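Letter by letter, the chains look like this.
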Amino acid sequence: MVVHGGRPGRAPGAPVGPPVELTSTYHQGGPVTYGREDNQTWRAFEEVVGALEGGEAVSFASGLAAVAAVLETLPVGAKVWIPHDVYHGTRRFLADREPRLQVADRMADAQLVWVETPSNPTMEVIDIAAVVASVAGAAPVVVDNTFATPLGQRPLDLGADVVVHSATKALSGHSDVVLGVAVSRDPQWVEALRRRRSLHGAVPGPFEAWLALRGVRTLAVRFERASASAAVLAARLAEHLAVERVRYPGWGTMLAFDVRGGAVPADAVCERLRVVVPGTSLGGVETLIERRNKWLGEERVPPGLLRLSVGIEDVEDLWQDLSAALTAVA
Ligand SMILES: *Cc1c(COP(=O)(O)O)cnc(C)c1O
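Everything quoted here is computed from the prediction, not taken from an experiment. Residue numbers run consecutively from 1 along every chain, following the written order of its sequence. Under the rules for a predicted model, residues below a pLDDT of 70 receive no local features and side-chain atom pairs below 80 are neither given nor counted, while totals for whole chains, interfaces and linings still include all residues. For the side-chain quantities, the full set of heavy atoms in the structure was used; hydrogens and water were omitted.

A.B. asks: Run through the packing of helix 8 (residues 219-239) against helix 10 (residues 315-329), naming residues and quoting values.
C.D. replies: Only the stretch in contact is used when fitting a helix axis, every axis being a line fitted to C-alpha atoms; angles between N-to-C directions are given from 0 to 180 degrees. A run of H or I in DSSP counts as a helix once it spans at least four residues, and a run of E counts as a strand once it spans at least two, with each numbered from the N terminus. Between helix 8 and helix 10, whose axes approach to 10 Å, the crossing angle comes to 25°. The orientation of helix 8 with respect to helix 10, classified from their angle, is roughly parallel. Viewed along their axes, helix 8 and helix 10 form a crossing whose handedness is right-handed. In this structure, helix 8 contributes Ser229, Val232, Leu233, Arg236 and Leu237 to the contact, and helix 10 contributes Val315, Glu316, Leu318, Trp319, Leu322 and Leu326. Broken down by class, the residue content of the contact of helix 8 with helix 10 amounts to eight nonpolar, one polar and two charged. Working rule for angles: under 35 degrees goes down as roughly parallel, over 145 as roughly antiparallel, 65 to 115 as roughly perpendicular, anything else as oblique. Note on convention: near helix rotated counterclockwise from far helix by under a right angle means a left-handed crossing. Clockwise means right-handed. When checking whether two residues touch, look at their non-hydrogen atoms; a contact exists if any pair is within 4.5 Å. Classes in brief: Ala, Val, Leu, Ile, Met, Phe, Trp, Tyr, Cys and Pro nonpolar; Asp, Glu, Lys and Arg charged; the others, Gly included, polar.

A.B. asks: Any details on the site of the ligand? Residues and values, ideally.
C.D. replies: The rule for a residue being near a molecule or strand is that one of its heavy atoms must lie within 4 Å of it. Taken together, Ser62, Gly63, Leu64, Tyr87, Glu116, Asp144, Thr146, Ser166, Thr168, Lys169, Leu179 and Leu282 are the residues near the ligand. Thr168 is positioned such that a nitrogen or oxygen atom in its side chain is 2.6 Å from an oxygen atom of the ligand. Definition of a polar contact: a pair of N or O atoms within 3.5 Å, with one able to donate and the other able to accept a hydrogen when the atoms are protein atoms, and with sequence-neighbouring residues admitted only if both atoms are side-chain atoms. Within the side chain of Lys169, a nitrogen or oxygen atom sits 2.8 Å from an oxygen atom of the ligand. Exposure was quantified through the Shrake-Rupley algorithm and a 1.4 Å probe, taking into account, for residues, occlusion by the shown protein chains and nothing else. For the ligand, whose accessible area on its own is 380 Å², the fraction buried by protein is 91%. Residues of the shell around the ligand, tallied by class, amount to four nonpolar, five polar and three charged.

A.B. asks: Residues and numbers for the domain arrangement of the protein, please.
C.D. replies: An automatic or database domain assignment is the source of the domain bounds shown. Taken as a whole, the protein is organised into domain 1 (40-216) and domain 2 (220-329). Centre-to-centre separation of domain 1 and domain 2, based on C-alpha positions: 26 Å. Every contact between the two is made by 27 residues of domain 1 and, on the other side, 21 residues of domain 2. By buried area we mean the combined loss of accessible area, with a 1.4 Å probe, across both parts when two parts are placed together. Buried area between domain 1 and domain 2, both sides added, is near 1900 Å², and the carbon and sulfur share of it is 60%. Of all residues in domain 1, Pro121, Met123 and Phe147 give up the largest surface area on contact with domain 2, accounting jointly for 27% of the area buried on that side. The salt bridge definition used is simple: a Lys or Arg side-chain nitrogen within 4 Å of an Asp or Glu carboxyl oxygen. With a closest N to O distance of 2.2 Å, Asp85 and Arg300 form a salt bridge. Across the contact surface, domain 1 and domain 2 share eight residue pairs in polar contact (both at pLDDT 80 or more). Every element with two or more residues in the side of domain 1 that touches domain 2 is listed here: helix 3 (88-97), helix 5 (149-152) and helix 7 (206-216). In terms of residue count, helix 5 provides more of the side of domain 1 that touches domain 2 than any other element does, three residues in total. Tallied by class, the residues present in the side of domain 1 that touches domain 2 amount to 11 nonpolar, 13 polar and three charged.

What follows is the structure, encoded as structure tokens:
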């Protein structure tokens, strides 16, 4: 499905891949009239992501636009429960909406429950099915599945109402596009998300959707390769003298490790790397590393923690690079 979804029909002479539909307006009398409502290239990407997550997908201009669209469905004064380790953009969005939206102290008080697992960047795991069971239908459960990808977990199968992604990350996979997507099985949610996309004007560019579609075709092979490398690196990092702690849930392409001695040696490790790229973001074909605590709003993260988004390079090249940099600062 990830390879064959969203393609035109198999008519002789038809293109195998969908074209980029670059138009702002449409001839009248059809289902679509204007480019802020719909686009065939979005649809092709949405078909693939919808199949991966097991629902209907709605694409957005960015991951944060998808997050905002979900949260903006709530009435004024609504309370949202978020885990303590949640994407800083989601936290900032809620802070910006105070008091129209409020962070709930207890899950039981919330009109919407937000889950992000594994968490960014401490890699804590939340049991989605257990959260769904404890909420018991009293509030919708939304899962930010950016870190795990639908190949790591399918939250809708576990009872979540909506899944959101920063498609900027693993889904598109090449660090060349900013895009988001939200997925649900509930037609009312899908309709609400489409309406918000159009009302907010948070629409993806057709070319961005095409790039993401091109990228998601290889998600399975990228995920398999990067996950295998992440397991190797997590095990070897845990043995390294310069590493105090490895944070790795046992699967997936993301991990974090705490460098002994804190911020100064951790920054020195990043400066010495020649293969691994110091940079924000994740999920690309290239391995990225970042000391998250240096960012405003990330003060809760241990100063020496380095987040590693494992790419598809040769794992021995990655290990040589990391171990040389760690040994030099140890
Ligand atoms: C990057 C990210 C987002 C925001 O997505 P953008 O595409 O950057 O707007 C949301 N959640 C998580 C977990 C992310 O990593």
